[in-house]
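Examining the three-dimensional arrangement
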Number of protein chains: 4
Amino acid sequence: MNREEIIAKMKERVFNANLQLPEWGLVQLTWGNASEVNRDLGVIVIKPSGVDYKQMTPDQMVVTDLDGKPLEADSYRPSSDLPTHVVLYKAFPGVNAVVHTHSKYAVCWAQAGRDLPCYGTTHADTFYGPVPLTRHLTETEVAEAYEVNTGVVIADTFKEGNLDPLAVPGVLVQGHGPFTWGPSIQKAIENSLVLDEVCHMALETEAINPDIQPLPQYVLDKHYFRKHGANAYYGQK
Amino acid sequence: MNREEIIAKMKERVFNANLQLPEWGLVQLTWGNASEVNRDLGVIVIKPSGVDYKQMTPDQMVVTDLDGKPLEADSYRPSSDLPTHVVLYKAFPGVNAVVHTHSKYAVCWAQAGRDLPCYGTTHADTFYGPVPLTRHLTETEVAEAYEVNTGVVIADTFKEGNLDPLAVPGVLVQGHGPFTWGPSIQKAIENSLVLDEVCHMALETEAINPDIQPLPQYVLDKHYFRKHGANAYYGQK
Amino acid sequence: MNREEIIAKMKERVFNANLQLPEWGLVQLTWGNASEVNRDLGVIVIKPSGVDYKQMTPDQMVVTDLDGKPLEADSYRPSSDLPTHVVLYKAFPGVNAVVHTHSKYAVCWAQAGRDLPCYGTTHADTFYGPVPLTRHLTETEVAEAYEVNTGVVIADTFKEGNLDPLAVPGVLVQGHGPFTWGPSIQKAIENSLVLDEVCHMALETEAINPDIQPLPQYVLDKHYFRKHGANAYYGQK
Amino acid sequence: MNREEIIAKMKERVFNANLQLPEWGLVQLTWGNASEVNRDLGVIVIKPSGVDYKQMTPDQMVVTDLDGKPLEADSYRPSSDLPTHVVLYKAFPGVNAVVHTHSKYAVCWAQAGRDLPCYGTTHADTFYGPVPLTRHLTETEVAEAYEVNTGVVIADTFKEGNLDPLAVPGVLVQGHGPFTWGPSIQKAIENSLVLDEVCHMALETEAINPDIQPLPQYVLDKHYFRKHGANAYYGQK
């Protein structure tokens, strides 16, 4: 495929992923955005800002360079969260797609200001340990470059926590909501779904038993490595 | 367009908005009503009272003057909450549409008798600060003119709280439920959706962390003014 | 219409009402039943027991006399809860239809063993005051005639509480679930929907504010009598 | 029917049951599996591992012997939980189908580490008493044979609790989620639905009344034996 064909395919995938978010109940109105990067080609493809999902078409997806600068004439304005995606692509080399939603239960944990504990194998199958919460941005960080600095605090959270973004493919931005990512855009949106589901489960788990402890580490290990890495044996060969 | 054509368009929009409310899960049975005003023309268009949504047609929408007096012969009876809408249109000059629902989580906060705190950016993107709760109507206010006085206590709540109804486009009427509004009927029903969503999120946020504090003011400012006012940069030009 | 035609219409209505229950999310699998009585004709029509809703047809509805004795040859077995319906029709003269479900939130209140308080106008529009909880049946009552005695404790609850079954058209049977009723089968199933909705709202209302008090009596009066009785002004003439 | 025809029918039923799980909201993505055994024929039929439900076909169902060894050439890989199913079929002679899901509320109780109490007749109609929680597997059990030992702790839970797996057709595996079963695959998936529903109800029941006690034993007996055993009188003859 030539460059043009690759970008057309990316637009198609980004379009479809953005549509799946409201279908899965993860996005209301226009509250979400998904993007994909191709580092070899030097392009990011992302949803346009504030466009109604029902009227959106694949060709409206916005193509930018790796710094988020639109590359096509007469392009739509990209999602206002693009600068966050740009920072994440630079900080997380193995990540090829980023998704942001305001899905209900992930937002609740982000608003509540707590890391999401790992209480069970549903969580462990996708996230290798707690999903971290970022700190609040400072007033200066907000004023200077809100979206860029949102990406920076996410990257810092992973660096300071010594976390592998491919093993823990998501984060809770305090007072805001979730970002997830993955090696493909399909995985990235599935991770949004899983994160919201396990956020809901964790909340009700604590309601049923306020003294509950996280899943034992050896069960977490087993479930995560059953699905990931060299010794995975879940799914088809 | 002439007067007749403008009113026909209003009926179409009011009809569609009233149908979207049950589609979005905000209205059960006939528990909701949406209206639109055209002050130049001196007309309000509102849903008829207690008509099944499945049998409703655009021409059944009721046309009244700015005092709520039906203008068309053989008109259906307007929604019993029309007097509340009339008061709000008089009190809030920039408001062109009003919506009332019994959506689940907004009703819960209204019944619980608390202002809705702003815990995150999902809230801040639409409501610039807490969504206020009205006081209960007095026994005399109920007896004398229940629906009119519901409008009066809403208007008083905004006046006493020195709140801009376009910056906080909704209210919780104590023991009853939400009213929302906006510059257009589309915005007004979207505000109903957002209000219910953030009411649900706030409730679960408090369950996850009972000591949670509201969103810092500077993040609230950032998110609200990213979408509203002269320096907004969300959406397409 | 002759007797045969009237019964055919009843079967059609009872069939449709029973189908609406799963459509509205009030019934899972076969956990519900709705019936209608015609006292002049001396017949009750009720859903057959344990038949899959997807395969059910109107002619499978079971016709019985006012004591619950099947009147048609080769009839299906009536819902096992028929004896409860029979007792209610005898005890509540103005009631022409009875509905039983295991709808989620009404069951939760029934299991929790509490009357449902009236916290807002959504409740007051349909139920004039708290929805009462029955006591548990005694071991003897269960052993002797479980379904009959379920009807008896419901009737006793209304008698002892001096409650009008048309003003409070529903009950929570302790440890079991809701029964609702009404002047028509359409009203009776709508009352099931309202009861489940207000049960959910009441639960979340208490979560938001554990010290919440019931709706003031004068607001309850206003809302109930706005929709019911000689001075009602909700809906079309 | 010959062996081939019987297996074709089993594949059809297992396929349909696996599709019903996401339709009923009990399975997200590929998080579930249902199987059926025919002991006379010496075969188990189970869902393939990690295949997208939208692309799955009946002929992809995997046929194994009673030890879980695939019997057909070029077969798909069976669900990674097959060894658990194998142990359950050996331990529970009357059980002809096993279902595993990560349905939301059953997972919450499994994560919370509590037996599910019987609070009402919705529960009692299907589960004769509390639904038991297994202990956590030990580190050694996980390392040696995770899926096999999951089956072993389930079987042990029933043996130690002196429980009849046909009277209590389900279990909560601690930190993981539910398994249900039954005399047929249709019953087994219905039991998954009921288990999730009563898990949700129990959680909200405790929220409404933290001091609630389980259903009296005589009501539990009545409801369970109304639907099961020699004296059942629910449903058609």
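Residues numbered from 1 in each chain as written. Chains lettered and ligands numbered in written order. Predicted model: local features only at pLDDT ≥ 70, side-chain atom pairs only at ≥ 80, totals over all residues. Heavy atoms only, no water.

Note the following rule: UniProt positions are given in the numbering used here, feature names are shortened, and annotations may be inferred rather than shown by experiment.
Per an unreviewed UniProt entry, chain A goes by L-ribulose-5-phosphate 4-epimerase and derives from Abiotrophia defectiva ATCC 49176. Taken from UniProt, the Cofactor (unreviewed entry) comment for chain A reads in full: "Zn(2+)".

**With respect to the interface of chain B and chain A**
Counted only if it meets this: The contact rule is simple, with two residues in contact once any of their heavy atoms fall within 4.5 Å. Throughout, buried area stands for the accessible area (probe radius 1.4 Å) lost by two parts on being put together, summed over both. A pairing counts as a salt bridge when a side-chain nitrogen of Lys or Arg comes within 4 Å of a carboxyl oxygen of Asp or Glu. We define a polar contact as two N or O atoms separated by no more than 3.5 Å, with the added condition that, inside protein, one atom must be a possible hydrogen donor and the other a possible acceptor, whereas residues neighbouring each other in sequence contribute only through side-chain atom pairs. Every helix listed is a DSSP run of H or I at least four residues long, and every strand listed is a run of E at least two residues long, numbered separately from the N terminus.
Taken together, the contact pairs 32 residues of chain B with 33 residues of chain A. Between chain B and chain A, a total of about 3000 Å² is buried, with carbon and sulfur atoms accounting for 57% of that surface. Together, I208(B), Y218(B) and Q236(B) form the three largest contributors to the area buried by chain B at its contact with chain A, with a combined 23%. Where chain B packs against chain A, one counts three salt bridges. Across the pair E147(A) and R226(B) runs a salt bridge, and its minimum N-O distance is 2.6 Å. The interface formed by chain B and chain A holds 12 residue pairs in polar contact (both at pLDDT 80 or more) in total. Elements supplying a minimum of two residues to the side of chain B that touches chain A: α4 (121-124), α6 (185-208) and α7 (217-227) of chain B. Per element, the largest residue contribution to the side of chain B that touches chain A is 11 residues, and it comes from α6(B).

**Focus on the interface of chain D and chain A**
A common measure of how large an interface is: the accessible area buried when the components associate. Stated precisely, the cut-off is as follows: Residues are grouped as follows: Ala, Val, Leu, Ile, Met, Phe, Trp, Tyr, Cys and Pro are nonpolar; Asp, Glu, Lys and Arg are charged; every other residue, Gly included, is polar.
Listed per partner, the contact involves 33 residues of chain D and 32 residues of chain A. Summed over both partners, the interface of chain D with chain A buries about 3000 Å², with 57% contributed by carbon and sulfur atoms. The tally of links from chain D across to chain A stands at three salt bridges. Here K104(D) and E197(A) are joined by a salt bridge, their closest N and O atoms 3.9 Å apart. On the surface where chain D and chain A come into contact, there are 12 residue pairs in polar contact (both at pLDDT 80 or more). Of all the secondary-structure elements, those providing two or more residues to the side of chain D that touches chain A are α3 (104-112) and α5 (139-160) of chain D. Looking at which element gives the most residues to the side of chain D that touches chain A, the answer is α3(D), with seven residues. Partitioned by chemical class, the residues of the side of chain D that touches chain A number 14 nonpolar, 13 polar and six charged.

**Describing the relation of the copies chain D and chain A**
Note the following rule: We place the copies in one frame by least squares, fitting the C-alpha atoms of every residue whose pLDDT is at least 70 in both.
Mapping chain D onto chain A calls for a rotation angle of 90 degrees and an axial translation of 0.0 Å; the resulting RMSD is 0.0 Å. The symmetry that links the two subunits is that of a four-fold axis. Minimal C-alpha separation from the rotation axis in chain D is found for A207(D), amounting to 5.8 Å.

**Notes on the UniProt feature "domain: Class II aldolase/adducin N-terminal" (unreviewed entry) in chain A**
Taking the UniProt record as the reference, the feature "domain: Class II aldolase/adducin N-terminal" (unreviewed entry) is found at residues 12-203 of chain A. In residues 12-203 of chain A, the share of helix is 40% and the share of strand is 15%. The end C-alpha atoms are 36 Å apart.

**Remarks on unusual backbone geometry**
Residues and elements named next belong to chain C. Put simply, the rule reads: Throughout, exposure labels follow a simple rule: accessible area from a 1.4 Å probe, protein chains only, divided by the maximum for the residue type, with under 20% read as buried, over 50% as exposed, and the rest as partly exposed.
At D74, a residue that is not glycine, the phi angle is positive and equals roughly 60 degrees. Mapping D74 onto the fold places it in the loop between β3 (62-64) and α2 (82-91). Assessed through its relative accessible area of 80%, D74 is described here as exposed. Of note, N162 is a non-glycine position whose phi angle comes to about 55 degrees, a positive value. If you trace the backbone, N162 turns up in the loop between α5 (139-160) and β5 (170-173).

**Things to note about the arrangement of the chains**
As for chain C relative to chain A, no contact occurs, and the smallest C-alpha gap between them is 12 Å. A gap remains between chain B and chain D, which never touch, and the nearest two C-alpha atoms on either side lie 12 Å apart.

**A word on helix α2 (residues 82-91) of chain A**
Residues and elements named next belong to chain A. Of all 10 residues in α2, seven are buried; the element is thus mostly enclosed. Taken together, the buried positions of α2 are occupied by L82, T84, H85, V86, V87, L88 and Y89. Turning to α2, the residues buried within the fold contact β1 (32-38), β2 (43-46), β3 (62-64), β4 (97-101), α5 (139-160) and β6 (177-182).

**A word on the sheet that holds β2(A)**
Through backbone hydrogen bonds, the strands of a sheet pair up, either in parallel or in antiparallel fashion. Residue and element names in this part refer to chain A. Selection criterion: The pairing criterion for strands is at least two bridges between them, as found by DSSP. Each axis is a line fitted through C-alpha atoms, and for a helix only the stretch in contact is used; angles between axes span 0 to 180 degrees, taken between their N-to-C directions.
With antiparallel pairing, the six strands of this open sheet are ordered in space as β3-β2-β1-β4-β6-β5. Both edges of this open sheet fall to β3 and β5 (170-173), since each of them pairs with a single strand only. Across this sheet, the average inter-strand angle for adjacent strands is 20 degrees, counted without regard to direction. In this sheet, β6 lies alongside β5 in antiparallel orientation, the contact comprising four bridges. Following the sheet pairing, V173 is matched in β6 by G177.

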